[in-house]
Amino acid sequence: MAFKPLHDRVLVRRVESEEKTSGGLIIPDSAKEKPQEGEVVSVGAGARDEGGARVELDVKAGDRILFGKWSGTEITLDGEELLIMKESDILGIIDGDKAAKAA
């Protein structure tokens, strides 16, 4: 992919939500909410502090994250819908072992 976020921005791919509820009911597309979970595709180099030093981001490509419902800007790159958001919009990182079990 020929896109690199700048500063403290992060490029995120949404993780698809479940097709069924825990009780086994199938959720129609019209009733689904957009997932608030995603995978970091790429990150910027980081913002600069008051002294001019680079502050690295806490997330890296491949991290599974949670973000706010209205976070980010939706874009389409290479036919894929992605989100660009600031690192401050990210609520947390999901542990790799737990993310694998959830999938």
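See the structure printed just above.
Calculation criteria
- Residues numbered from 1 in each chain as written.
- Predicted model: local features only at pLDDT ≥ 70, side-chain atom pairs only at ≥ 80, totals over all residues.
- Heavy atoms only, no water.
- Helix = DSSP H or I, 4+ residues; strand = E, 2+ residues; numbered from the N terminus.
- Buried < 20%, exposed > 50% of the residue type's maximum accessible area, 1.4 Å probe, protein only.
- Contact = heavy atoms within 4.5 Å.
- Pairing = 2+ DSSP bridges.
- Axes fitted to C-alpha atoms, helices over the stretch in contact; angles between N-to-C directions.
- Polar contact = N/O pair within 3.5 Å; in protein donor to acceptor, adjacent residues only side chain to side chain.

Caption draft 1: Spotlight on the overall build of the protein. Per the secondary structure count, the protein includes one helix and eight strands. Listing every helix and strand of the protein by position from the N terminus yields β-β-β-β-β-β-β-β-α. Per-residue burial over the protein gives 27% buried out of 103 residues. Within the protein, counting contacts between residues at least 6 apart in sequence, those at least 24 apart form 61% of the total.

Caption draft 2: A look at the pairing of strand β1 (residues 9-14). Where β1 lies against strand β7 (residues 80-86), four bridges are found, and the strand directions are antiparallel. When the bridges of β7 are listed, Arg-9 appears paired with Lys-86. Inspection of the sheet shows β1 paired to strand β2 (residues 37-43) by five bridges, in the antiparallel sense. Among the inter-strand pairings, Val-12 is bridged to a residue of β2, identified as Val-40.

Caption draft 3: Quick look at the sheet that holds strand β5 (residues 64-67). Strand order in the open sheet formed by six strands is β6-β7-β1-β2-β5-β8, and the pairing between neighbours is antiparallel. Of all the strands in the sheet, just β6 (73-77) and β8 (90-94) have a single pairing partner and so form its edges. Averaged over all pairs of adjacent strands, the angle between their axes in this sheet comes to 45°, without regard to strand direction. Taken together, the three bridges between β2 and β5 define a ladder with antiparallel strand orientation. Across the sheet, Gly-38 pairs through a bridge with Ile-65, a residue of β5.

Caption draft 4: Unusual backbone geometry, seen in detail. Phi at His-7 takes a positive value of approximately 55°, unusual for a residue other than glycine. In this fold, His-7 is placed in the segment before β1. What makes His-7 partly exposed here is its relative accessible area of 46%.

Caption draft 5: Spotlight on the pairing of β5. Of the pairings in the sheet, the one linking β5 to β8 comprises four bridges and is antiparallel in character. By the bridge assignment for β8, Leu-66 is matched with Gly-92.

Caption draft 6: Expanded view of the environment of Glu-74. Of note, Glu-74 is situated in strand β6. Measuring from C-alpha to C-alpha, the distance between Glu-74 and Val-12 comes to 9.5 Å, with 62 residues separating the pair along the chain. Engagement of the side chain of Glu-74 in a polar contact is seen with the side chain of Arg-14, the distance being 3.4 Å.

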